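# Topology and contacts: notes
Single-letter residue listing:
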Amino acid sequence: GHYGRGHCIYVVFIGLITWICPWYQIAKNKAMVDNRECTICDCCCAQPNLEYFTRQQIRARFNLPYEACIDFLMMCFCYGCVICQDAREIKLRNVSAGRK
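Quick caveat: nothing in here was measured; it's all calculated off a predicted structure. (Residues numbered from 1 in each chain as written. Predicted model: local features only at pLDDT ≥ 70, side-chain atom pairs only at ≥ 80, totals over all residues. Heavy atoms only, no water.)

### Some points on the pattern of salt bridges
- Per the counting criterion, the structure on display carries 8 salt bridges.
- A salt bridge links Asp 34 to Arg 36; the nearest nitrogen and oxygen atoms lie 3.5 Å apart.
- The exposure class assigned to Asp 34 is partly exposed, which follows from its relative accessible area of 30%.
- The partner of Asp 71 in a salt bridge is Arg 55, and the shortest N-O contact between them spans 3.2 Å. (Salt bridge = Lys/Arg side-chain N within 4 Å of Asp/Glu carboxyl O. Buried < 20%, exposed > 50% of the residue type's maximum accessible area, 1.4 Å probe, protein only.)

### Details of the nonpolar core
- Counting 6 residues, the largest nonpolar core is built from Met 32, Val 33, Ile 58, Leu 64, Ile 90 and Val 95.
- Of all hydrophobic cores here, the second largest spans 5 residues; its members include Ile 26, Ala 27, Cys 43 and Ile 83. (Core = buried A, V, L, I, M, F, W, Y, C linked by side-chain atoms within 4.5 Å.)

### Thoughts on the packing of aromatic side chains
- Inspection of every chain in the model, using the stated rule, returns 1 aromatic pair.
- Residues Tyr 52 and Phe 53 carry aromatic rings whose centres are separated by 5.5 Å and whose planes lie at 85° to one another, so their mutual orientation is edge-to-face.
- The exposure class of Phe 53 is partly exposed, given its relative accessible area of 48%. (Phe/Tyr/Trp six-rings, centres within 6.5 Å; stacked < 30°, edge-to-face > 60°.)

### Things to note about unusual backbone geometry
- Here Asn 35, not a glycine, exhibits a phi torsion of approximately 60°, which is positive.
- Along the chain, Asn 35 falls in the loop between α2 (22-33) and α3 (40-45).
- The backbone phi angle of Asn 63 is positive, close to 55°, even though this residue is not glycine.
- One can find Asn 63 in the loop between α4 (50-61) and α5 (68-77).
- You can call Asn 63 exposed: its relative accessible area is 71%. (Helix = DSSP H or I, 4+ residues; strand = E, 2+ residues; numbered from the N terminus.)

Note that all results are geometric; they support no functional claim without further evidence.
Right, dumping it as structure tokens:
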């Protein structure tokens, strides 16, 4: 349940989706954390800073340590890995749209 470095290596599909179309994975991560389906509007409105807030929701929801400075630095220097880590955490926690 802890964010480890390099998780995107282990989840090839998520890594490819993030590399090809990061907005889709950002939108999907946010929708999953919000317990709803991802829509085209989510994809159109996805912004880079949205993943930071999604990560904070994941931390709060699963009682993970709050690490604002590390999250900020990861967002600045390894953004794709942040998106992949969040997607992997959501998958590991078995979160699906409409389920808590």
